[in-house]
2 protein chains.
Amino acid sequence: MSHSSAGPEIERLITLLARLPGLGPRSARRAVLHLIRKKAALMVPLAEALDIAARQINPCSQCGNIDASDPCTICASPGRDQSRICVVEQVGDLWALERAGAYRGRYHVLGGVLSALDGVRPDDLRIGGLVARASEEGVSEIILALNANVDGQTTGHYIFDALKGADVQVTSIARGVPVGGELDYLDDGTLTAALVARKQL
Amino acid sequence: MSHSSAGPEIERLITLLARLPGLGPRSARRAVLHLIRKKAALMVPLAEALDIAARQINPCSQCGNIDASDPCTICASPGRDQSRICVVEQVGDLWALERAGAYRGRYHVLGGVLSALDGVRPDDLRIGGLVARASEEGVSEIILALNANVDGQTTGHYIFDALKGADVQVTSIARGVPVGGELDYLDDGTLTAALVARKQL
């Protein structure tokens, strides 16, 4: 389908932008018009930033985070707690935890979760690397911060089993009522989990 | 504010993408992760397409459309009806009319509408060029296809007055019930316009 009548250069740009999550053909067209209006201030810098990122950004060979350096800034930072490794599914989860600012240890990005439906098996994830890291000198705790769904739980169980040989404590982030959450609007699963995990005051 | 913890290259990319219409900080982060996962298939081609478009795409000096050639493909096409010029506010409106495929004349892109609030005056728009084109040999009709709001109407009246010296018919696209529109859901203005513009069957 032709998106516009402005020649192949613009068509190609619209097609590529429409493949970004959150953008469809209509918003991609609007984005292209915006980019052309802001050519010097936005379009040229964006082309350069994409080019630089494409050439410099790679997964950290240790933890799977993405960065311009390898090992990544977090793995290389002497200020981070070396005794804790927090296991997340995706880099986006790592970013979310970093924004929260409550964790000062290191990470391990699995690159997904086990899923029979999608055919994701243990070998497709960075689990071997995690087991190796768990046996390193000074690592005492592996914190599982996986999504609270079936695949996340399955993956958590698998990792728990895989880490049985290592001398580490394996913990999982808490399930419960989100901050600001009103009970009336929460699903049964969350309420049940919050009740089961109740704490003495 | 820091968007991630993945270094300045990614921060910059997120900041730039978040400035596109339809994307905010959250969706820009998701887009960047998607781009890095699809580096060869999407990120590199997008960087190239932006670079090519930034270097080659410019406004048509005749009609204000954007294209890699000047005059643009539409202005230069001998197959287009040379007697009609359709006036639109933005290039996106031109694209919308081209997608509809019901018009085979040429266009004139104003680059906006008159707006006291936003301080847009006649000199800020491509109105002088339109008046000049209206006086060209063979041009017989100027079709106003402006948005159906106050600024669009004000601009339409101004152009109508400016074209009084030219020997052309000035028309405006019809206001009425949109195709598929149900009366119960339409605003009063549209219903009034549709009633006023009623046609004999």
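Residues numbered from 1 in each chain as written. Chains lettered and ligands numbered in written order. Predicted model: local features only at pLDDT ≥ 70, side-chain atom pairs only at ≥ 80, totals over all residues. Heavy atoms only, no water.

A. A look at the relation of the copies chain B and chain A. Mapping chain B onto chain A calls for a screw motion: a turn of 180° about the axis and a shift of 0.0 Å along it, with 0.1 Å RMSD after fitting. Taken together, the rotation and translation relating the two chain copies correspond to the operation of a two-fold axis. Considering only C-alpha atoms, the residue of chain B closest to the rotation axis is Ala 47 of chain B, which sits at 2.3 Å. With an isologous cut-off of 70% or more, the 100% of interface residues of chain B that recur at the interface of chain A puts this contact in the isologous class. (Least-squares fit on C-alpha atoms with pLDDT ≥ 70 in both. Contact = heavy atoms within 4.5 Å.)

B. Representation of the interface of chain B and chain A. The interface of chain B with chain A comprises 55 residues on the first partner and 55 residues on the second. Around 4,800 Å² of area is buried between chain B and chain A when both sides are counted, 72% of it from carbon and sulfur atoms. Viewed at the interface, chain A and chain B are joined by zero salt bridges. Run the count over chain B and chain A and you get eight residue pairs in polar contact (both at pLDDT 80 or more). Elements supplying a minimum of two residues to the side of chain B that touches chain A: helix 1 (8–17), helix 2 (25–37), helix 3 (39–56), strand 2 (66–67) and helix 5 (91–100) of chain B. Broken down by element, the side of chain B that touches chain A gets its largest block of residues, 15 residues, from helix 3 of chain B. (Buried area = accessible area lost by both parts, 1.4 Å probe. Salt bridge = Lys/Arg side-chain N within 4 Å of Asp/Glu carboxyl O. Polar contact = N/O pair within 3.5 Å; in protein donor to acceptor, adjacent residues only side chain to side chain. Helix = DSSP H or I, 4+ residues; strand = E, 2+ residues; numbered from the N terminus.)

C. Representation of unusual backbone geometry. In this structure, Pro 71 of chain A follows Asp 70 of chain A across a cis peptide bond, with omega equal to 0°. Considering the arrangement of structural elements, one finds Pro 71 of chain A in the loop between strand 2 (66–67) and helix 4 (73–76).

D. View of the pattern of salt bridges. In total, this model carries 10 salt bridges over all chains according to the counting rule given. Between Asp 81 of chain A and Arg 84 of chain A there is a salt bridge, and its shortest N-O distance comes to 2.6 Å. For Arg 84 of chain A, a relative accessible area of 33% gives the class partly exposed. Its salt-bridge partner being Glu 141 of chain B, residue Arg 84 of chain B comes within 2.9 Å of it at the nearest N-O pair. On the criterion of sequence distance, the pair formed by Arg 84 of chain B in strand 3 (residues 81–88) and Glu 141 of chain B in strand 5 (residues 141–144) is long-range, its members being 57 residues apart. (Buried < 20%, exposed > 50% of the residue type's maximum accessible area, 1.4 Å probe, protein only.)

E. Broad picture of the environment of Gly 112 of chain A. Residue and element names in this part refer to chain A. Following the sequence through the fold, Gly 112 ends up in the loop between strand 4 (105–109) and helix 6 (127–134). Taking relative accessible area as the criterion, Gly 112 reaches 8% and is therefore assigned buried. Filtering out sequence-adjacent residues up to four positions away, Gly 112 remains in contact with Glu 89, Gln 90 and Leu 125.

F. Structural detail: the packing of helix 1 of chain B against helix 2 of chain B. Residues and elements named next belong to chain B. With their axes 8 Å apart at the nearest point, helix 1 and helix 2 run at an angle of 125° to one another. Classified by the angle between their axes, helix 1 and helix 2 sit oblique to one another. Seen along the crossing, helix 1 lies across helix 2 with a hand that is right-handed. Within the contact between the two elements, helix 1 uses Ile 10, Leu 13, Ile 14 and Leu 17 and helix 2 uses Pro 25, Ala 28, Arg 29, Ala 31, Val 32, Leu 35 and Ile 36. Along the lines of polarity and charge, the residues of the contact of helix 1 with helix 2 split into 10 nonpolar, no polar and one charged. (Axes fitted to C-alpha atoms, helices over the stretch in contact; angles between N-to-C directions. Parallel < 35°, antiparallel > 145°, perpendicular 65-115°, else oblique. Left-handed = near helix turned anticlockwise from the far one by under 90°. Nonpolar A, V, L, I, M, F, W, Y, C, P; charged D, E, K, R; others polar.)

G. Region of the structure containing the sheet that holds strand 3 of chain B. Residue and element names in this part refer to chain B. Read across the open sheet, the four strands follow the order 4-3-5-6; overall the sheet is parallel. Bordering the open sheet on either side are strand 4 (105–109) and strand 6 (169–172), each of which pairs with just one other strand. When strand polarity is set aside, the average angle formed by the axes of neighbouring strands in this sheet is 25°. Summarising the sheet, strand 5 and strand 6 pair through four bridges and their orientation is parallel. (Pairing = 2+ DSSP bridges.)

H. Geometry of the packing of aromatic side chains. Residue and element names in this part refer to chain A. On inspection of all chains with the given rule, the structure shows two aromatic pairs over all chains. Consider the rings of Tyr 103 and Tyr 107, whose centres lie 5.2 Å apart with planes at 70°: the pair is edge-to-face. Take Tyr 103: its relative accessible area is 12%, and that puts it in the buried class. (Phe/Tyr/Trp six-rings, centres within 6.5 Å; stacked < 30°, edge-to-face > 60°.)

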